[in-house]
Amino acid sequence: MIIDAKAIVVTLLIVAVAFLTGLRMVRSFALSIAQENHDANVALDQAEEQKRVKQERNADVAAASAFAKVEPLLTVTTSKTATSLPKPEVGTTNPEV
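Residues numbered from 1 in each chain as written. Predicted model: local features only at pLDDT ≥ 70, side-chain atom pairs only at ≥ 80, totals over all residues. Heavy atoms only, no water.

(A) Structural detail: the overall build of the chain. When its secondary structure is counted, the chain shows one helix and zero strands. In the chain, which comprises 97 residues, the proportion classed as buried is 0%. For the chain, the accessible area works out to roughly 9300 Å², and carbon and sulfur atoms hold 66% of it. (Helix = DSSP H or I, 4+ residues; strand = E, 2+ residues; numbered from the N terminus. Buried < 20%, exposed > 50% of the residue type's maximum accessible area, 1.4 Å probe, protein only. Areas by Shrake-Rupley, 256 points an atom, 1.4 Å probe, with all protein chains shown as cover.)

As structure tokens, this is what we get:
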């Protein structure tokens, strides 16, 4: 086998084409893995967001339920204390405050 410039150039071209083809395949594979990873992260984020919204909704319902139970007591207490306190006169200052 004779090693001349033509053989070296052809060999370099074959190696370059093989290298670029391999690089393209590796990049394509890495891109598909990154896209799958991104899709999985989006799915996890959506699941966590749905869970958070559900917990927030349940907390709001519980707070509304608790307030509904306490609200009648608040209106009775407020009306009793409002009638028992003396009304301040206009133009006077309150020394207790």
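(B) Structural detail: a nonpolar patch on the surface. A surface patch of nonpolar side chains, amounting to about 370 Å² of accessible area, comprises Phe67, Val70, Leu73 and Leu74. Position of Leu73 relative to the elements: it lies in helix 1 (residues 5-84). When its relative accessible area of 56% is taken as the criterion, Leu73 is described as exposed. (Patch = residues over 30% accessible without salt bridge, like charges linked within 9 Å, V, L, I, M, F, W, Y side chains within 5 Å. Salt bridge = Lys/Arg side-chain N within 4 Å of Asp/Glu carboxyl O.)

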